[in-house]
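Residues per chain, in single letters:
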Amino acid sequence: MQSIILRKINWGAMLPLIPALLLLLVVSGPVLAADSWDFNYRFQPGLLTAASEWTPALNYDVKISKVMWSQPEKQAFRKYLSAHVASRGALAGDADLNNEPLLADAGFTTAINLYRPPIVSLGDQPGEYKTVEEGFNRGRLSFSLLAGYESDQTLDNRNLTGGAEVGYVLTENQGFKALVPSIFVGYDFVFNDHSDLEQDLGDKDDSRRVRVFASWKLPVGQWIAETLGGLNAHFDLRYYKSDGLSKAYRDADQDEAVYKAAALSYSFGTEPLWGVVNAVYVRLSNGRIPPVTNDDTTVTVGLTVWER
Amino acid sequence: MRINCHAHVFNAKSVFTSETLEILLRRITEMEIPALIKTELTDQLGKILSKAGDYVDEETFFRNVVKKVSSSKEFKDVLKTLASNDTLKLELQGGAALQDYAVEGLVRLLEKVGDAIGQEDKDAAKADIGDALAFLRIALQPSIRHVTDILMEQLTLQDAVIPLVMDITHDGSDEKLLEKQLADTSAQVLAYPGRIFPFVAVNTKRPEHFSIMEAALAGRGFVGVKLYPSLGYSVNSPEMFKVYAYCEERGVPILMHCSEGGFYYSDETRTNSDPALWAAILEKHPNLKICFGHFGGATYLTAAEIPASCWTRTILDLMTKFNGVYADIAYHSEPMDGGTGEQNYFKNLSVLLQTPAYRDRLLFGTDYFLSRQRLTEKIYWKYFTKHLSENEFRQISEDNPQRYLGLPGETQKASGPIANYIRFVYQQRGSLLSESPAWLKNAIKELYGPTASLPKPSLGAKWSWNNKVHAYFYVFLAEGQLSDQQKARGFEAVGMLKLRDLAYWNKGFEANEIWNLKLKAMAENLDSFFCANGGGYEKKQDTAKAIAALQKIFNNASTYIHEAGEACDAIYHFA
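This structure is a prediction, so every number in the text was calculated from the model and none was measured.

Engineer: Is there a simple way to think about the overall build of chain B in this case?
Structural biologist: Broken down by element type, chain B carries 25 helices and ten strands. In chain B, which comprises 575 residues, the share counted as buried stands at 51%. In chain B, of all internal contacts separated by at least 6 residues, the share reaching a separation of at least 24 is 76%.

In structure tokens, the structure reads:
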């Protein structure tokens with residue numbers, strides 16, 4: 001087994017990444033030593049499959065961030081400004097099979113939390129409490145300015161990017177709040193650094209792209225019957241649009257993508273079905289999420305079983 | 001299973017009314033403790049309980065009593081008689097030092113004060129101040145759960161208890177108070193399933209007494225009815241006959257206070273508990289199961305012969321005529337004084353236990369925690385197991401209670417109220433807090449089929465309301481993350497839900513960009529909530545680390561809420 005895996009690794013394609021990784025570690029070393037910076041990382045080995053072939057891969061996500069300014073935590077409208085440097089992606093043994101981009105970005109994020117914690121007085125009985133001062137939760141708004149560099153693993157296609165992201169999320173869904181969507185909008189300028197693909201297509205334009213996402217979670221079970229409390233409906237809308245891509249992309253209808261999904265999920269809570277099924281969902285989706293190129297209508301059924 | 005057929009788990013707060021205050025204070029004035037301390041105890045208790053609904057803080061209570069007593073002229077006179085190096089004298093020099101004492105220290109100090117005064121107090125026949133304070137400490141426990149826990153800790157896993165609800169009311173206008181007492185007592189069935197068999201109180205001064213009783217017996221885990229007519233109502237009223245008819249038809253056992261002591265509304269109402277009143281009632285309802293609490297009073301059993309005319313004799317006569325008449329030996333502390341009284345008591349009891357007409361009708365009971373005025377629950381059990389033969393004790397603590405309650409066994413099926421009890425436990429199985437005994441597990445299989453079982457209960461310290469991080473975490477979730485149905489299942493059951501069951505959970509059903517922002521929002525909100533409510537960070541934790549850790553916690557669907565609570569406990573603390 002080991003020899004098969006080793007054979008699958010395209011060592012040549014890995015070589016250019018080694019200096020980059022070393023550089024990252026060297027640069028981050030002193031930063032990590034300082035307490036005021038936050039260092040988060042995740043490395044996850046796995047297998048990557050594409051075109052009926054597979055290759056060993058390492059997913060990584062490294063982020064160094066610092067809160068530059070923040071307002072007190074105990075009050076309403078908590079807000080902050082932070083800076084970060086991050087890199088994420090997947091390194092595959094066979095770079096040709098890797099269709100996930102390698103991303104690196106740096107930026108500033110500011111956010112305001114439209115939340116005021118209620119002040120409560122605990123009662124004697126478990127679950128008993130009095131609200132001394134009412135609070136509210138009207139969601140969280142964030143705005144980011146980002147500059148980055150993205151590449152595929154073979155380094156054949158590389159872009160410089162710059163843009164902004166706006167997000168609004170609401171973590172509650174009781175009453176009318178269920179109708180309020182969580183929204184994310186991202187707008188990037190893409191400056192083509194090098195692209196074998198675009199060169200082959202006889203074009204090398206810079207482009208702009210926008211991503212607009214919205215999602216809802218409706219507690220329909222609670223609305224229907226007390227016994228159906230674990231039933232939820234989920235709606236997921238995503239829109240991608242690129243402007244300025246080569247004509248070949250536009251002709252292939254690849255400059256715009258829409259994805260729509262509706263799902264019903266049911267959690268069995270403290271009493272798994274037949275003692276083994278913890279949760280179940282069924283999802284109907286239509287469209288595509290780039291880099292997938294074909295629009296599809298898909299029905300997915302999922303089960304969570306034997307959860308501890 | 002050994003059963004204590006006569007106990008109480010209410011606390012002072014749960015039965016508090018202006019009526020209760022008067023009755024409780026009267027009870028304290030009857031204690032054999034020095035007058036000075038008695039005055040201060042009743043004074044402080046009156047002050048504390050008059051703030052109805054507020055938390056009754058035993059530490060403040062005892063601190064105030066010690067402060068008052070130690071600063072009184074009478075006590076200062078007593079102090080003068082003590083040697084200059086007396087430890088009590090040294091301890092009480094400078095009232096500010098009292099602030100350093102925790103409850104245990106204060107109670108110990110008060111006992112010493114009581115002993116010192118007792119030597120001078122001609123009225124104090126016996127300075128049992130320690131027992132009186134221990135009794136008050138239980139009464140001042142913050143909840144029924146606390147009182148129950150103190151009781152159950154003194155018993156083995158094979159022991160069970162019948163807690164009797166008290167309804168001390170003038171006109172029933174305090175219905176919320178009774179409702180809370182019933183709800184909290186019902187919750188003890190789930191805390192100790194199969195080991196707590198509560199009786200609901202009927203007091204005809206409360207207009208809704210019948211519907212309250214019906215509801216409690218039908219679906220709240222209550223299995224019997226408690227009567228306390230000396231609180232000011234008659235056992236011969238039409239309302240009561242309606243209750244008897246209901247109980248007789250369904251096999252619901254009744255327990256009535258039947259001694260001349262205890263709580264009473266006025267001297268005249270003491271005789272409302274006279275067992276002689278029951279001859280006529282039982283003629284009309286011969287199959288009624290009625291237990292006369294305290295057996296008419298222990299005094300009559302400490303005589304060489306049980307007198308021909310006394311409440312105990314009346315009860316024995318009723319036993320010979322009616323098969324459903326029982327009596328319990330709760331709060332029989334008189335024999336514990338020793339001497340001939342003790343010898344007579346156990347001789348009389350043994351004779352009764354050898355007489356076929358009475359053998360099957362005597363029940364064991366302690367009157368916890370009212371009996372704590374004299375001795376602990378554990379010592380009460382020990383005393384009777386020592387003085388009765390093994391067979392005799394089994395008869396009164398196992399065989400007879402099983403028949404009286406209608407528990408399923410080799411010779412009988414579950415009675416109606418016990419069948420309702422089994423259904424209640426099974427329906428509430430998600431909220432059980434401890435392991436059920438074998439009889440209950442078997443009964444559930446019999447009722448619901450061989451595959452029916454109870455889930456593994458009890459999270460213990462892993463998810464405890466006494467842990468403020470857990471409690472505040474629960475409140476945070478209750479304020480926007482839990483549905484009304486989830487909240488209705490109670491704190492303990494919520495601990496067994498998973499993060500997937502919360503409102504924010506939508507991972508996999510929305511873009512990662514949105515999900516990541518939601519994790520940040522959840523982490524920030526919880527951090528704000530903890531900090532705003534007095535929480536602080538544990539050592540080596542700060543806001544940034546806390547937010548990062550909380551995001552990780554909130555990112556896992558399969559994490560139990562109690563596990564998330566434990567994880568929060570590693571980050572935050574409350575003073």
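Engineer: I tried to follow the overall build of chain A on my own but got confused; where do I start?
Structural biologist: Counting its regular elements, chain A contains six helices and 14 strands. Evaluated residue by residue, chain A yields a buried proportion of 23% over its 308 residues.

Engineer: For this particular structure, what's the right way to read the interface of chain A and chain B?
Structural biologist: Where interface size is given, it is often the accessible area lost as the parts come together that is meant. Facing 49 residues of chain A, the contacting portion of chain B comprises 48 residues. Of the residues belonging to the side of chain A that touches chain B, the class tally is 15 nonpolar, 20 polar and 14 charged.

Engineer: Would you take a moment to explain unusual backbone geometry for this structure?
Structural biologist: Most peptide bonds are trans, and most residues other than glycine sit at a negative phi. All names here are of chain B. Of note in this structure, Phe295 is not a glycine but carries a positive phi near 60°. One non-glycine residue, Asp367, lies in the positive phi region at around 70°. For Asp367, the location among the structural elements is in the loop between strand 8 (362-363) and helix 16 (377-387). Since 27 C-beta atoms lie within 10 Å of it, Asp367 is described here as buried.

Engineer: Any chance you could explain helix 14 (residues 339-354) of chain B here in plain terms?
Structural biologist: At 3.6 residues per turn, the α-helix brings residues three or four places apart onto the same side. Residues and elements named next belong to chain B. Counted at 1.5 Å a residue, the expected span for helix 14 with its 16 residues is 22 Å, and the 23 Å between its end C-alpha atoms agrees. Every buried residue belonging to helix 14 is among Tyr345, Leu349, Leu352 and Leu353, and all of these are buried. The arc that holds the buried residues of helix 14, viewed along the axis, is 95°, so those residues lie on one side. Exposed and facing more than 90 degrees away from the buried side of helix 14 are Gly339, Thr340, Val351 and Gln354. Structurally, helix 14 contributes buried residues whose contacts are with helix 15 (356-359), strand 8 and helix 17 (390-405).

Engineer: Honestly, the pairing of strand 5 (residues 254-257) of chain B in this entry has me stumped. Any pointers?
Structural biologist: Two faces make up the sheet, and in a regular strand the side chains alternate between them. All names here are of chain B. Alternating residues of strand 5 divide into Ile254 and Met256 and Leu255 and His257, and every residue in both groups is buried. This β-α-β element, strand 4 (residues 224-227) to helix 11 (residues 238-250) to strand 5, shows right-handed connectivity. The pairing of strand 5 with strand 6 (residues 290-293) spans four bridges and is classified as parallel. Across the sheet, His257 pairs through a bridge with Gly293, a residue of strand 6.

Engineer: How should the sheet that holds strand 6 of chain B be read in this particular structure?
Structural biologist: The strands making up a sheet are joined through hydrogen bonds of the backbone, oriented either antiparallel or parallel. All names here are of chain B. The parallel open sheet is built from six strands, whose spatial order is 3-4-5-6-7-8. For this open sheet the edge positions go to strand 3 (199-202) and strand 8, each flanked by a neighbour on one side alone. Examined bridge by bridge, strand 4 and strand 5 share three bridges and lie parallel to one another. Residue pairing for strand 5: Val225 is matched across the bridge by Ile254.

Engineer: Could you clarify how one ought to interpret the packing of helix 20 (residues 468-478) of chain B against helix 25 (residues 561-569) of chain B in this entry?
Structural biologist: The angle between the axes and the distance between the axes are what describe a pair of packed helices. Residue and element names in this part refer to chain B. Packing of helix 20 against helix 25 brings their axes to within 9 Å, and their N-to-C directions diverge by 125°. With respect to helix 25, the axis of helix 20 lies oblique. In this structure, helix 20 crosses over helix 25, and the sense of that crossing is right-handed. For the pair helix 20 and helix 25, contact is made by Val469, His470, Phe473 and Leu477 and by Ile561, Gly565, Cys568 and Asp569, respectively. Tallied by class, the residues present in the contact of helix 20 with helix 25 amount to five nonpolar, two polar and one charged.

Engineer: Even after reading the chapter, I still don't get the nonpolar core, so can you show me in this structure?
Structural biologist: Soluble globular proteins tend to bury their nonpolar side chains together. All names here are of chain B. Membership of the largest hydrophobic core comes to 116 residues, with the highest contact counts inside it found for Val200, Val225 and Cys291. Non-local contacts of Val200, meaning those with residues more than four positions away in its chain, are made with Val165, Leu182, Ile212, Met213, Ala216, Leu217, Phe222, Val225 and Lys226. Ranked by size, the runner-up nonpolar core spans 50 residues in total, among them Ile514, Ala521, Leu526 and Phe530.

Engineer: Is there a simple way to explain the environment of Pro118 of chain A in this structure?
Structural biologist: By secondary structure assignment, the location of Pro118 of chain A is in the loop between strand 4 (102-116) and strand 5 (119-122). Taking the C-alpha atoms as reference points, Pro118 of chain A and Thr131 of chain A, 13 residues apart in sequence, are found 6.8 Å from one another. Sequence-distant contacts of Pro118 of chain A, that is, excluding residues within four places in its chain, are made with Thr131, Glu133, Glu134 and Gly135 of chain A together with Glu479 of chain B.

Engineer: Teacher, can you tell me more about the packing of helix 10 (residues 209-219) of chain B against helix 18 (residues 416-427) of chain B here?
Structural biologist: All names here are of chain B. At a closest axis distance of 6 Å, the pairing of helix 10 and helix 18 adopts a crossing angle of 65°. Counted together, Leu217, Ala218 and Gly219 of helix 10 and Pro417, Asn420 and Phe424 of helix 18 form the full contact between these two elements. Among the residues forming the contact of helix 10 with helix 18, the class breakdown is four nonpolar, two polar and no charged.

Engineer: Just checking my understanding: could you explain the pairing of strand 11 (residues 231-243) of chain A for this structure?
Structural biologist: Residues and elements named next belong to chain A. Looking at chain direction, strand 10 (residues 207-218) and strand 11 are connected through eleven bridges and run antiparallel. Paired with Val210 across the strands is Lys241, a residue of strand 11. Relative to strand 12 (residues 256-267), strand 11 runs antiparallel, the two sharing eleven bridges. In the sheet register, His234 faces strand 12, and the bridge partner there is Ala263.

Engineer: When you look at the confidence of the model for chain B in this model, what are you seeing that I'm missing?
Structural biologist: Note: predicted coordinates in regions of low pLDDT should not be interpreted at a detailed level. Residues and elements named next belong to chain B. With 84% of its residues at a pLDDT of at least 70, chain B reaches an overall mean of 85. Confidence over residues 120-127 falls short of pLDDT 50; this stretch has 15 contacts with residues more than four positions distant or in other chains. Interface confidence for the predicted complex, expressed as ipTM, amounts to 0.84; the pTM equals 0.56.

Engineer: Looking at this structure, how should I read helix 13 (residues 311-321) of chain B?
Structural biologist: All names here are of chain B. Within the span of helix 13, buried status applies to Trp311, Thr312, Ile315, Leu316, Leu318 and Met319. All buried residues of helix 13 lie within an arc of 160° about the axis, which places them on one face of the element. For helix 13, exposure combined with an orientation more than 90 degrees from the buried face picks out Thr320 and Lys321. Buried-residue contacts for helix 13 involve helix 12 (278-284), strand 6, strand 7 (325-328) and helix 15.

Engineer: Looking at this structure, I do not really get the environment of Asn11 of chain B. What am I missing?
Structural biologist: All names here are of chain B. By secondary structure assignment, the location of Asn11 is in the loop between strand 1 (2-7) and helix 1 (18-29). Along the backbone, Asn11 and Leu140 are 129 residues apart, and their C-alpha atoms lie at a distance of 6.2 Å. In this structure, Asn11 is in contact with Ala139, Gln141, Ser143, Ile144 and Val147, ignoring residues within four places of it in sequence.

Engineer: For this particular structure, what's the right way to read the confidence of the model for chain A?
Structural biologist: The share of residues in chain A with pLDDT of 70 or more is 81%, and the mean pLDDT across the chain is 81. Contacts for the low-pLDDT stretch residues 1-9 of chain A, under 50 throughout, to residues beyond four places or in other chains number eight contacts.

Engineer: Would you explain the environment of Glu208 of chain B in this entry?
Structural biologist: All names here are of chain B. Mapped onto the fold, Glu208 is located in the loop between strand 3 and helix 10. Residue class for Glu208 comes out exposed when judged on the 12 C-beta atoms lying within 10 Å of it. Expressed as a C-alpha distance, the spacing of Glu208 and Gly172, which sit 36 residues apart in the sequence, is 7.8 Å. Not counting chain neighbours up to four residues away, the residues in contact with Glu208 comprise Gly172 and Glu175.

Rules of the game
Residues numbered from 1 in each chain as written. Chains lettered and ligands numbered in written order. Predicted model: local features only at pLDDT ≥ 70, side-chain atom pairs only at ≥ 80, totals over all residues. Helix = DSSP H or I, 4+ residues; strand = E, 2+ residues; numbered from the N terminus. Buried ≥ 20, exposed ≤ 12 C-beta atoms within 10 Å, placed from the backbone. Contact = placed C-beta atoms within 7 Å. Nonpolar A, V, L, I, M, F, W, Y, C, P; charged D, E, K, R; others polar. Expected span 1.5 Å × (residues − 1). Arc of directions from axis to C-beta. Right-handed = clockwise from strand over helix to strand, strands pointing away. Pairing = 2+ DSSP bridges. Axes fitted to C-alpha atoms, helices over the stretch in contact; angles between N-to-C directions. Parallel < 35°, antiparallel > 145°, perpendicular 65-115°, else oblique. Left-handed = near helix turned anticlockwise from the far one by under 90°. Core = buried A, V, L, I, M, F, W, Y, C linked by C-beta atoms within 7 Å. pLDDT = per-residue confidence, 0-100.

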